[in-house]
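# Understanding the architecture of this molecule
Chain by chain, the residues:
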Amino acid sequence: MTRIQGHSVVYPPGVKEISPDLSKDELIKRLKTLARFFQDMDQEEDKDPFDTLALYLADEFFLSHASKDVRLLVACCLADIFRVFAPEAPYKTGEELKNIFQFLTKQLRGLDNTEGPFWKRYFYLLENLAMVKSYNICMELEDSNEIFTELFRTFFAIINDKHSPKVKNFMLDVMCPLIMENDSVAQDLLDSILVNLIDPYKRDNPHAYNLCKELIKRTATALEPFLQGFFNNMLILGRTSESEVSGHLYELIYELNMVSNSVLLSVLPQLELKLKTNDESERLSVTRLLGKMFSDRESDLAVQNKPLWNCFLGRFNDVSAPIRIECTKYAQYFILHHHSLLPDIKERLKERLHDVDENVRHEAVSAIVAAAKTDITAVNDQLLQSIKERTLDKRWKIRKESTLGLAHIYKKAMNNPDLAYSDVLRITWIRDKILHLYYQQGLEDRLLVERIFTMTLVPYNLDTQDRMLKLYQLYSAIDEHSVKAVREMLKHQHHVRTLVHELVYLIKEGGTDDETLKIIGTKVIAIARCLPESSKAQEHMKKLSEILRGDTNICNHLDTLVSPGCSCKKADQSVKQIMMKIGNPKQVTPFYECVKTLLERIAPLMIDVPAVAALCKLVHDQIEGVGEDFEDVYPKDTVPNRGMKLLMALSATYPGAFRSEEAYGHLISLLRKEDTFVTELSLQIFTNAGKGIEDSHPQIASCLLPVLQSKAKLGTPREAKFAIQCVDAIISNKKRTIFDQIFEGLRRGLKPDAKNIQTALTSIGYLALLSSAQFMLPMKSLVAKFIVKEILMQDNGTPGRSKQLWCGDDDVPEETRVKVKAMKFLVRWLLGLRSNEQGSGTSTIRLLTTMIRNDGDLMEKDKVSPAEKSRLRLAAGCAMLKLAQEPCYADIITIDQFYVVALLINDECYQVRQRFAAKLQKGLLTLKLPLQYLSIFGLCAKDPIKDRKSFARQCIVKNISLRRDYLRQHSGASNRIVSILPEYVIPYVIHLLAHDPDLQSHKDINALNDIKECLWFSLEPLLTKNDSYNFAKKVVETIKQRKDATAPNDKEANKKLYSVCDMAYGLIMTKAGTFQLNDHSAEPKIPTNLYSKLSKGQKNTTIYLPKALQFKVHLEEKKSETEKLLESPQKGKKKVNKEAATSEEKKAVEKKKDENKKKGASSSNSNPQPAKKSVKVKKDDKSQVLTPHKQERTLRSPSKDQNATRTSKRLRSPSQDEAVDSKKLKLQNSPESTSKNVKLKSTQKDTKNKLLDKDAKSSKMSPSTPSKLDRKRKADHTTESKGTEGPAKKTKTSPRKTTRLSGKSNQQNKEDVAPSPSSSSTPTSPASSPRKPSPRKQSATKTQSPKKNVRNVRRAAPITVNGHGQSDGDDSNPTDDDPAPRRSRRNAALEKAIETVGRKTTRQESSAPTTRRQTRKKRV
């Protein structure tokens, strides 16, 4: 019998003795019987006999038995013993209990295998221990912590997804009492729990993580003090700990807050202190923790702990960028989950969107975009607008993130059928904003827009019908700027596609000669410029060209890709095949990315023949009114019109896609519509896409030709224009015959009053342009006899009562429209000729210049209203710009004619200035207009309309950039650098401003101030680097050593030129700033037609600017020159050698200088007053004596009041067109003003007479050589006797017959001009007849003429010289009472000049002099 501790072991009935001598099988058999007995035994039964058996089963033999089955059966028996003997266990010593419970814990490890044969016994063991709470006995043991820690770790280790909730609950039932009923929780036990909340345990065993969370939830109250103590020691006291979770404090806090935030009520306030610590890494960790805690979906921590929330918000402005980034990361969760916190977060996000650190801005953009992609309704409009602003960030990665984010937001919202329509409308601006980014300078931005357009706005992977409908809807909804961006995008893609097509063609030809290789290299460079980082892209394109030479397969695929008839499906396949050959998409290289970008630009993934046919049908249905309604439409346009514009844009870039019978059929149907807009665009589409239609679709061509002929004869002028162009583009076999039929049909009905005269002029004009050789002979007579004589020279209308300077297009009279068409006819005729052999160009240019000079009233019959005049002079100016783009005509435009055209930029009518500037810019951007015309924009500096001034500056900047890029990209352009380099515009600017009619004298301060502003307006965009300053300085210095080639002997004209040079030189030197100015090595090439060289040995060092306008650099130069003069001996004295050998010679020289100085001082002190007076008299005398040439310049010499309002009078805004300055008219006509002027003139006359007497006396002393005063006296005598000696002799610089500052009849001027001294009438001061306002301002002027048969001719106010009135330079006799013969002579001369248009002009006629006054455009 088995004995234990001296007592015999008593076995239950039916249970045999269990001894170590038994075999394994027998032992298991008997233990099963015993286990069954204990399992069935209740606590109420007598258990005392089995005390020894309980002790025996706890023997080391059973606890450490090799058989797993034996150990499991023993464990089940022990668990039942604890149940039966509860609450007192039969084991008394702690060692026994420790061994038993450690044994039981080890047996519980068998729970991990739920499919094992003994799973039920393991489950029974767990259930028994949980029900009885057997482990609670260990609380009194010293080693209880070790037992519990092992138990907890065992449970967390064995838990898995195959365990049922019942198993998990039993585990919790075992563990929870050990925490809740225990007096303390040791750190090891706490670690065994908390370690499951952190990585990698959390990640590796999520079931343990869930079990741990449930355990903490059930025991939160009991754990709180122990957790508080743990965190206090670690966070506040900073004590070190060997705990394995001590390095994960903030992660633990977050997880505990997620599980049960009540356990951290006393811990969270400590985090506020940590947020303010100086340790950046610790602040970052706390910020990350609180961001996660506050942003959780179910978290209400921000409401419960407001101080901590406010402290966290302060970290958005932390000095550390990583901390600001960390705060910004969680903004999206606040937006999505906590709408109540949005006001606080929104302001912080806006600040971070403008953060100085680009990574912070990028994170802020990402946060808002992520929130909007998740739920667009959660993001308000202000945040979306903030993203819109970041699309213009200076950093590319932020612009890219913002733009792509907006695109994804738009795509997700558009594809969400559950989204409310109001929310859809909130984001419709996104498509416009994305397309507007195509205007950015960076190539990366434009490529990104192209990618978004293909991938997001109109996904290329949609079906053809859906894709075209999507494209049509988008094009109908976007604004005008976006429409232009789409057109530009298609145009650029077409350009790249054309370059690649040419490269592939050259490679397939297989040419290896140097010329072919050079052309291939040029194409490679051109393609590389269309890709990002062109220098690197150039190397990649060279590599690609080498691959194309060696791999025929890739070359064929690329050729298919750029062929006109490539379908979208083929394009997609070709792109994939090429990319597979180029490289591995998993290992992306710069070369791979470059080729991918190129293929994205050239692959026609959206447009092909079936797509265009489908689009034509959609547009046709919309025009017919049977198409589906579009909800979102641009309000300023219609869906049919937008459809036609879309087809027009596609026809220019994908002409091959229109070559189908279905598409042509829809277009012919549209041609027959009555809507002119539809028919005009249909004609243009045929022009772009109808090439070869005679051969490919002869039936379509036979139907199209009658329609084109009808439009050319009976359509509107625009329809006629496009019809002629269409015939020229698509017809080749019968073109000449068709043109003859159209011409003869139109010529027979040409009459000035014909109903379709505008259409006829347009059609014939384009026939002359496109087929000039065919119609050369009949055109000459048509121009001379009909266009000039019967249209341009006839004024059959009567001017209306309206004095407005502009009117709407619909209000323009028919006669004016015809005249405009006639001028366009002349231009097209000349452009077709492209030659001035017969002088037609010279005559036409003279006619157009006369039209501008006469304010649009060619014949000066005063039968044209101001609004019509504005239209006519604008048309003439635009015609001149068009002719100037042709080299043969640009060369024959004289300088004076150029200045007449240039002054249109300062026209009094706002619309004329606006449209003329737009035409000028258009011609300059094509590089067809000469560089000289860029100087015209400098006159815009004083434009009163801010937008016009800003536009002019943008034009200058754009032209400079364009020309510099052209020189950089075209090495061959260096031969024409004088005509392309923008810095060479400086000579033209200086010459233009020096001949500004407002600059009457080189001492006119007000006019020079205006010129100063115009100069800097032109120079500032040019002077961007050191070389620019040096070159500009050299140009100005070179011009200063030249003279005006247009007036080489005119001293005043050259002085004005030099004063402008001084002004430019001072501006350059003053504005240079930090730039280092040196002498430019190369000698600039100055235009010889503007400047001629000075005489040999002559050097110009004088400063011609008035002292009030001189710059510091001028004063310094004067000072240095004065010092040199003082250092050198005076004239007429012997030169003294500076290197005198003896000191006696030096002393003698110094003594002599002192004596000379003393003599000069004594002479000046003896009689100082007369000397000053003499100087003053001399100066006055110089200012009073004027030559006829100077008289002409002073015709517009403004008074102080006029100079003060110079700008407002020269240029007027639309609102100022009807304003009349009545105050100045009243003041000018007042009696006080008249009396003051009379006194002033009489005083001037007395002073002049005294000067003449004095000069006469002095002239007797030196009769041999005439002095300056003699010449002045002679000029004065000639001027004063002008009234009796007849008209002044006309010179090259004689004043105009009519001026535009005043409006007077001839009779009035005769009364105003003072008679000569020999006249018997009493001299009348000119001031008594004040200057009258212009007829444009005051219509009553016409009725002031005493004779009805005298035509009102606008004339300048009389100019007084020495108190006498001066004639305005008219070639008529002032005493002539009947001006009719003079009028007849003028008209006859004008008609003779005009008749020369269309016939050969003699050399004398082409070089007829024009006065400076004649080149001046009216500036009110």
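Throughout, a residue's number is its position along its own chain's written sequence, starting from 1. Two thresholds apply to this predicted model, a pLDDT of at least 70 for residue-level local features and 80 or more for giving and counting side-chain atom pairs, whereas whole-chain, interface and lining totals are computed over all residues. Excluding hydrogens and water, the side-chain figures rest on all heavy atoms present in the structure.

Put simply, DSSP marks the helices as runs of H or I at least four residues long and the strands as runs of E at least two long, and each gets a number from the N terminus on. Looking only at helices and strands, one finds 68 helices and 8 strands in the protein chain. Of all 1420 residues assigned to the protein chain, the portion counted as buried reaches 51%. Per-residue accessibility takes into account occlusion by the displayed protein chains alone, with areas from the Shrake-Rupley method and a 1.4 Å probe. As displayed, the protein chain has an accessible area near 67800 Å², and 50% of this comes from carbon and sulfur atoms. Each residue gets one of three labels from its accessible area relative to the maximum for its type: buried under 20%, exposed over 50%, partly exposed in between, using a 1.4 Å probe on protein chains only.

The next point concerns the packing of aromatic side chains. Two measures describe an aromatic ring pair: the distance that separates the ring centres and the angle between the ring planes. Any Phe, Tyr or Trp ring, taking Trp's six-membered ring, that has another such ring centre within 6.5 Å forms a pair; planes under 30 degrees apart are called stacked, those over 60 apart edge-to-face, and the others tilted. Per the stated rule, a full pass over the model turns up 23 aromatic pairs. Plain terms: the ring middles of F294 and W309 are 5.1 Å apart, the flat faces sit at 75° to each other, and that makes the pair edge-to-face. Placement of the pair is F294 in helix α15 (residues 280–295) and W309 in helix α17 (residues 306–314), with a sequence separation of 15 residues. Like F294, the residue W309 is buried in the burial classification. Note that K292 overlies the ring of Y254, its terminal NZ or CZ placed 4.4 Å from the centroid. Remark: a charge is flagged as sitting over a ring if the NZ atom of Lys or the CZ atom of Arg is within 6 Å of the ring centre and within 35 degrees of the ring normal. Across the ring face of F591, the terminal group of K543 is positioned such that the distance to the ring centre comes to 4.4 Å.

Among the nonpolar cores identified, the biggest contains 349 residues, and Y91, L104, Y135, F231, I253, I990 and L1015 are the most heavily contacted of them. Counting residues per element, this core draws most heavily on helix α4 (residues 68–85), at 13 residues. Throughout, a residue-residue contact means that at least one pair of heavy atoms, one from each residue, lies within 4.5 Å. The contacts of I990, once residues within four sequence positions are left out, are L1015, V1036, I1039, L1057, V1060, C1061, A1064 and Y1091. Ranked by size, the runner-up nonpolar core spans 38 residues in total, among them I527, L544, V562 and A603. Working definition of a nonpolar core: buried Ala, Val, Leu, Ile, Met, Phe, Trp, Tyr and Cys residues. They are joined through side-chain atoms within 4.5 Å.

All right, on to a positive patch on the surface then. A patch consists of residues whose relative accessible area exceeds 30% and which take part in no salt bridge; residues with like charges are grouped when within 9 Å of each other, and nonpolar side chains (Val, Leu, Ile, Met, Phe, Trp, Tyr) when within 5 Å. Take a side-chain nitrogen of Lys or Arg and a carboxyl oxygen of Asp or Glu: if they are within 4 Å of each other, that pair is a salt bridge. Charged-residue counts in this description rest on Lys and Arg as positive and Asp and Glu as negative, His and the chain ends being excluded. Charged groups are reduced to one reference atom each: NZ for lysine, CZ for arginine, CG for aspartic acid, CD for glutamic acid. There is a patch of like positive charges on the surface, built from K824, R834, K882, K919, K922 and K928. Relative to the elements of secondary structure, R834 occurs in the loop between α44 (814–833) and α45 (840–853). What makes R834 exposed here is its relative accessible area of 56%.

Here we come to the side chain of T105. Along the polypeptide, T105 turns up in helix α5 (residues 94–108). Overall, T105 belongs to the buried group, its relative accessible area being 1%. A polar contact is formed between the side chain of T105 and the backbone oxygen of F101, at a distance of 2.8 Å. Apart from residues no more than four positions distant in its own chain, T105 is found in contact with Y135, E150, L151 and T154. In the analysis that follows, any N or O atom pair within 3.5 Å is treated as a polar contact, provided that within protein one partner can donate a hydrogen and the other can accept it, and provided that, for residues neighboring in sequence, both atoms belong to side chains.

With that settled, the discussion passes to the environment of T428. Note that T428 resides in the loop between α24 (421–426) and α25 (429–436). Each C-alpha atom, one on T428 and one on A477, is 8.8 Å from the other, the two residues being 49 residues apart in sequence. A polar side-chain atom of T428 sits 3.0 Å from the main-chain carbonyl oxygen of L425.

Taken together, the side chains of D40, D42, E44, E45, D46 and D48 make up a negatively charged region of the molecular surface. When you line up the elements, E44 lands in the loop between α1 (24–40) and α2 (51–57). Judged by relative accessible area, which is 71%, E44 ranks as exposed.

The peptide bond linking D199 to P200 adopts the cis configuration, its omega dihedral lying at 10°. Along the chain, the position of P200 falls in the loop between α9 (187–194) and α10 (201–204). Not every positive phi belongs to a glycine, and K133 is a case in point at roughly 55°. Within the secondary structure, K133 is located in the loop between α6 (119–132) and α7 (144–158).

Another point: the packing of helix α29 (residues 514–528) against helix α30 (residues 534–550). One way to put it is that α29 packs onto α30 with a least axis distance of 8 Å and a crossing angle of 130°. Between α29 and α30, the angle falls in the class oblique. Of the two possible hands of crossing, α29 and α30 adopt the one that is right-handed. Between α29 and α30, the contacting residues are L517, I520, V524, I525, I527 and A528 on the first element and S534, A537, Q538, M541, K542, S545 and R549 on the second. When its residues are assigned to classes, the contact of α29 with α30 shows 8 nonpolar, 3 polar and 2 charged. Inter-axis angles, ranging from 0 to 180 degrees, are taken between N-to-C directions of lines fitted to C-alpha atoms, where helices are fitted over the stretch in contact. Orientation is classified from the angle alone, with under 35 degrees giving roughly parallel, over 145 giving roughly antiparallel, 65 to 115 giving roughly perpendicular, and any other angle giving oblique. By definition, any crossing whose near helix is turned counterclockwise from its far helix by less than a right angle is left-handed, and any crossing with a clockwise turn is right-handed. Polarity classes work like this: nonpolar for Ala, Val, Leu, Ile, Met, Phe, Trp, Tyr, Cys and Pro, charged for Asp, Glu, Lys and Arg, and polar for all others, with Gly in that last group.

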